[in-house]
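Coordinate analysis (summary)
What follows is each chain in one-letter form.
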Amino acid sequence: MDKNLLGGSTVLMLLSLLSEGDRYGYDIIRELAARSENVFQMREGSLYPVLHRMEAQGWVKAYEKEAENGKKRRYYRITSSGKKQLTAERQQWEEFTSSVEKVIGGDARAFA
């Protein structure tokens with residue numbers, strides 16, 4: 001799949017996952033792949049810059065927590081500002097996909 005298609009929806013997908021609960025990087029990567037049936041296979045080198053930008057925007061907050069194996073993991077939590085951004089991102093996505101569908105799906109009258 002063209003990676004440019006993923007770029008426009010990355011923030012939406014990450015905020016959506018984080019709206020369900022706090023997650024650490026590898027968990028986000030694994031969940032994106034699982035839910036998309038491996039269509040979205042994000043690498044750490046792509047994920048963390050996006051998370052850092054989202055943190056700089058105030059949409060997520062990072063914190064460290066010790067895992068069961070004793071290792072410290074960096075978790076990300078959506079903020080109230082992030083929830084507002086998620087709503088805006090969803091609205092933009094719905095408008096975008098609706099418009100694309102109108103173009104590629106066509107209008108039945110256009111073919112009559």
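Preceding this section is the structure that the text describes.
Residues numbered from 1 in each chain as written. Predicted model: local features only at pLDDT ≥ 70, side-chain atom pairs only at ≥ 80, totals over all residues. Heavy atoms only, no water.

Some points on the sheet that holds strand β2 (residues 60-66)
- Strand order across the open sheet formed by three strands is β1-β3-β2, with antiparallel pairing between neighbours. Of all strands in the sheet, those bounded by a partner on one side alone are β1 (23-24) and β2.
- Strand direction decides the pairing type here: β2 and strand β3 (residues 72-78), joined by seven bridges, are antiparallel. If you follow tyrosine 63 over to β3, its bridge partner there is tyrosine 75.
- Along the sheet, helix α2 (residues 10-19) contacts β1, β2 and β3; its crossing angle with β3, the most-contacted strand, is approximately 100°. (Pairing = 2+ DSSP bridges. Helix = DSSP H or I, 4+ residues; strand = E, 2+ residues; numbered from the N terminus. Contact = heavy atoms within 4.5 Å. Axes fitted to C-alpha atoms, helices over the stretch in contact; angles between N-to-C directions.)

Considering the packing of helix α3 (residues 25-35) against helix α4 (residues 44-57)
- Two numbers describe how α3 lies on α4: the axes approach to 10 Å, and their chain directions differ by 115°. In terms of orientation, α3 and α4 fall into the roughly perpendicular class. The chirality of how α3 crosses α4 is right-handed. Contacts from Gly25, Tyr26, Ile28 and Ile29 of α3 reach α4 at Glu44, Leu47, Tyr48 and Leu51.
- Looking at the contact of α3 with α4 residue by residue, the class counts come to six nonpolar, one polar and one charged. (Parallel < 35°, antiparallel > 145°, perpendicular 65-115°, else oblique. Left-handed = near helix turned anticlockwise from the far one by under 90°. Nonpolar A, V, L, I, M, F, W, Y, C, P; charged D, E, K, R; others polar.)

Geometric values such as these leave the question of function open.
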